Amino acid sequence: MESPISMTKRQPELVCPAGSLRALEMAVDAGADAVYLGLRGATNARNFAGLNFDDAQIRAGVAYAHRHGAQVLMALNTFAAGQDPEPWFRAVDRAVELGADALIVADVAVLAHARRHHPDMRLHLSVQASATSYAAIEFYREHYAIQRAVLPRVLTLSQVAHVIRHTSVDIEVFGFGSLCVMVEGRCALSSYATGQSPNNAGVCSPPSAVRWVDRRDTVEARLSDVLIDRYAPDEPRAYPTLCKGRFDVGGVRDYALEEPTSLNTLELLPQLIDAGVKAIKIEGRQRSPSYVAEVTRVWRAAIDLAVSPHRYAVLPAWSAQLARWAEGQQHTLGAYDRPWR
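The structure reproduced in this document is the subject of the present report. (Residues numbered from 1 in each chain as written. Predicted model: local features only at pLDDT ≥ 70, side-chain atom pairs only at ≥ 80, totals over all residues. Heavy atoms only, no water.)

## Quick look at the pattern of salt bridges
For clarity, the threshold we go by: In what follows, salt bridge is the name for a side-chain nitrogen of Lys or Arg lying within 4 Å of a carboxyl oxygen of Asp or Glu. Secondary structure elements are defined from DSSP: runs of H or I of at least 4 residues count as helices, runs of E of at least 2 residues count as strands, and each element is numbered from the N terminus. Burial classification: accessible surface area is computed with a 1.4 Å probe over protein chains only, and a residue below 20% of its type maximum counts as buried, one above 50% as exposed, and the rest as partly exposed.
Enumeration over the complete set of coordinates arrives at 22 salt bridges. Residue Glu13 is joined to Arg148 by a salt bridge in which the shortest nitrogen-to-oxygen separation is 3.2 Å. Of this pair, Glu13 sits in strand S1 (residues 13-17) while Arg148 is found in strand S6 (residues 148-150), placing the two residues 135 residues apart along the sequence. Across the pair, Arg148 and Glu13 agree in class, each one buried. Its salt-bridge partner being Glu138, residue Arg141 comes within 2.7 Å of it at the nearest N-O pair. A residue pair is termed a helical-turn pair when its members lie 3 or 4 positions apart in one helix, as Arg141 and Glu138 do in helix H6 (residues 134-144) at three residues.

Right, dumping it as structure tokens:
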């Protein structure tokens, strides 16, 4: 039987979202080992008005995190515009100057710039790079010296373990938060509806394309001219995305591609640790500071218990807390668990 000391050495890092300085502070206070954030603009994949950081806020956030023993990871995880990649290169330089501990990058040109001009900066391969095999991850390690890769949410637990066994790169996986029906970095739905790619613009549903149309007894949610959903006047409304719209298919109106639900892998946490996962990521830079704080506290407690000598079990209080923040108040193991395999 392993000793508590050897088990503690395998403790994965808890990586939590920060869409604002307040969210960053609350994540750190709740026990995050690292927070990830983005600059304002198209260089990160959560490019919403009111989110993200200016230079002064990043400096304050980095200072706060470092003072409490946490790291700051800068998400520069969209693909550089072919006609002008310079904003992405400048963002790399800014992140380094502002004190980020690592960069989360998808685009090979951005990786190359970082490697060439800042060889000591730690590089993490973004989930947007869609690296689903150890061969792909090894390519990025050999050419750009990445030290961590974030896996897309399409791999089973056994596939995650297989990747880890065949690469020296640290592997990070999503543990909780919104799901994506696509392999991240390969989505074309938003481009079809809005003319703007989420892989460049940084949002699945650009605010400029979102339309709410009041009818006599319904409210229509549209992306450009594409009807996504219809709501009763008093029905809660979700932010419209194509993959989570309700459509008429074969005479039945329902979620045709993906239901609103959240990934929740608490019950798989010991297996993820045993597989060698080095970091557990919480999704949600677009969510409130309260979401960040409560979800972080639950996962901090779960990870600490999972690496302790005590028997691990998902506490009912944890499930109740996370249910408050789950999309549609539903949880799923997603691709991690496919009983038909």
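## Regarding helix H7 (residues 157-165)
What counts, and what does not: What the arc covers is the set of directions going from the helix axis to the C-beta atoms. Pairs of residues are marked as contacts when any of their non-hydrogen atoms sit within 4.5 Å.
Looking at H7, one finds that the buried residues are Leu157, Val160, Ala161, Val163 and Ile164. For H7, the angular spread of buried residues about the axis comes to 160°, placing them on one side. Tucked into the core, H7 has its buried residues touching H6, strand S7 (170-178) and helix H10 (269-275).

## Remarks on the nonpolar core
What counts, and what does not: Only buried residues count toward a nonpolar core. Its members are Ala, Val, Leu, Ile, Met, Phe, Trp, Tyr and Cys residues joined through side-chain atoms within 4.5 Å.
With 87 residues, the main nonpolar core has Met74, Leu103, Ile137, Ile146, Val173, Leu269 and Trp299 as its most contacted residues. With eight residues, the single largest contributor to this core is helix H11 (residues 289-306). Here Met74 is in contact with Leu37, Gly38, Leu39, Ile58, Ala95, Ala100, Ala102, Leu103 and Ile104, once residues within four sequence places are set aside. Counting seven residues, the second largest nonpolar core, distinct from the first, contains Leu73, Ala102, Ile104 and Ala279.

## Focus: the side chain of Arg153
Our working definition: Whenever a nitrogen or oxygen atom comes within 3.5 Å of another N or O atom, the pair is scored as a polar contact, on the condition that within protein one atom can donate a hydrogen and the other can accept it, and that pairs from neighbouring residues in sequence are kept only if both atoms are in side chains.
By secondary structure assignment, the location of Arg153 is in the loop between S6 and H7. Its relative accessible area of 14% is what places Arg153 among the buried residues. Of note is the side chain of Arg153, whose polar atom sits 2.6 Å from the backbone oxygen of Ser178. Setting aside its immediate chain neighbours within four residues, Arg153 contacts Phe174, Ser178, Leu179, Cys180, Glu184, Leu263, Glu283 and Ala335.

## With respect to the sheet that holds strand S10 (residues 226-231)
Basically, it comes down to this: At least two DSSP bridges between two strands are needed for those strands to be called paired. Angular values range over 0 to 180 degrees, each being the angle between N-to-C directions of two axes fitted as lines to C-alpha atoms, with helices fitted over their stretch in contact.
Read across the sheet, three strands follow the order S8-S9-S10 without closing on themselves; strand pairing throughout is antiparallel. Unpaired on one side and paired on the other, strand S8 (210-214) and S10 mark the two borders of the sheet. For this sheet, the mean angle separating the axes of adjacent strands, direction not counted, is 25°. Direction of pairing for strand S9 (residues 219-223) relative to S10: antiparallel, over a ladder of five bridges. When the sheet's bridge partners are listed, Glu220 is paired in S10 with Arg230.

## A few points about the pairing of strand S11 (residues 246-249)
As judged from the four bridges shared by S11 and strand S12 (residues 252-255), these two strands associate in the antiparallel manner. Paired with Asp248 across the bridge in S12 is Arg253. If you look at the hairpin formed by S11 and S12, you'll find two residues sitting between the two strands, and Gly250 has a positive phi there, around 60°.

## A closer look at unusual backbone geometry
Located in the positive-phi region is Ser130, a residue other than glycine, with phi close to 60°. Along the chain, Ser130 turns up in the loop between strand S5 (122-125) and H6. Of the residues examined, Ser130 reaches a relative accessible area of 8% and is grouped as buried. You will see that Ser224, though not glycine, has its phi angle at about 55°, which is positive. Residue placement: Ser224 occurs in the loop between S9 and S10.

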